[in-house]
Amino acid sequence: YNEDRPCKAQSVHISPYGIEFQVPDDYESGTLLKIDVTLPNYWNRKQQFVDYARIDAPKTFKILAKVVQSQEVGKRGKKKLVTAQTLNIDEVDEQVLREYLKEGK
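Residues numbered from 1 in each chain as written. Predicted model: local features only at pLDDT ≥ 70, side-chain atom pairs only at ≥ 80, totals over all residues. Heavy atoms only, no water.

K.L.:
When you look at the side chain of Lys46 in this model, what are you seeing that I'm missing?
P.N.:
Tracing the chain through its elements places Lys46 in helix α1 (residues 42-47). Lys46 sits in the buried class, given a relative accessible area of 10%. Among the polar contacts made by the side chain of Lys46, one reaches the side chain of Asp93 at a distance of 3.2 Å. (Helix = DSSP H or I, 4+ residues; strand = E, 2+ residues; numbered from the N terminus. Buried < 20%, exposed > 50% of the residue type's maximum accessible area, 1.4 Å probe, protein only. Polar contact = N/O pair within 3.5 Å; in protein donor to acceptor, adjacent residues only side chain to side chain.)

And the structure:
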């Protein structure tokens, strides 16, 4: 992760256990990533699980993940499909993510 050059990507797959996404950069196995996850109506969803209020309404939550695999995809391998395993996620954010994923079924 390079804070001077953050990368935006849309996940291909996401679960509490990991995330898969496509980016132009290659990440070596074992690289640690700090990932901001954006869910629709994140704060409204989280309020169902917490008993506190906030002045600001956060739009993201963070996870720490480790790259397990990075492989070339697309024309001439210009994109990399990165698979990362979740190492750390807030337990309430994990609940929010699980409920969001259930809605998609």
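We are not done yet, so read on.
K.L.:
Mind showing me how you'd approach the pattern of salt bridges here?
P.N.:
When the charged atoms of two side chains with opposite charge come close together, those side chains can pair. Per the stated rule, a full pass over the model turns up 6 salt bridges. Here Glu94 and Arg98 are joined by a salt bridge, their closest N and O atoms 2.7 Å apart. A residue pair is termed a helical-turn pair when its members lie 3 or 4 positions apart in one helix, as Glu94 and Arg98 do in helix α2 (residues 91-103) at 4 residues. A relative accessible area of 22% means that Glu94 is categorised as partly exposed. Residue classification places Arg98 among the partly exposed positions, given a relative accessible area of 32%. Its salt-bridge partner being Lys102, residue Glu99 comes within 3.3 Å of it at the nearest N-O pair. Remark: Lys102 and Glu99 occur in helix α2; sequence separation between them is 3 residues, near one turn of the helix. Residue classification places Lys102 among the exposed positions, given a relative accessible area of 53%. (Salt bridge = Lys/Arg side-chain N within 4 Å of Asp/Glu carboxyl O.)

K.L.:
Sorry, what's going on with the pairing of strand β5 (residues 79-89) here?
P.N.:
Consecutive side chains of a regular strand alternate in pointing toward one face of the sheet and then the other. Bridge analysis of strand β2 (residues 18-23) against β5 gives 6 bridges, and the strand direction is antiparallel. Considered in β5, the bridge of Val23 is made with Lys80. (Pairing = 2+ DSSP bridges.)

K.L.:
Would you mind showing me how to read the packing of aromatic side chains here?
P.N.:
Each aromatic ring pair is described using two quantities: the centre-to-centre distance and the angle formed by the ring planes. Going through the model one piece at a time under the given rule, you end up with 2 aromatic pairs. Look at Trp43 and Tyr52: their rings are 6.0 Å apart centre to centre, the planes differ by 40°, and that puts the pair in the tilted class. Residue class for Tyr52 comes out partly exposed when judged on its relative accessible area of 41%. Directly above the ring of Trp43 sits Arg54, whose terminal nitrogen or CZ lies 5.9 Å from the centroid. (Phe/Tyr/Trp six-rings, centres within 6.5 Å; stacked < 30°, edge-to-face > 60°. Lys NZ or Arg CZ within 6 Å of the ring centre and 35° of its normal.)

Read these as layout, nothing more, since geometry by itself doesn't imply function.
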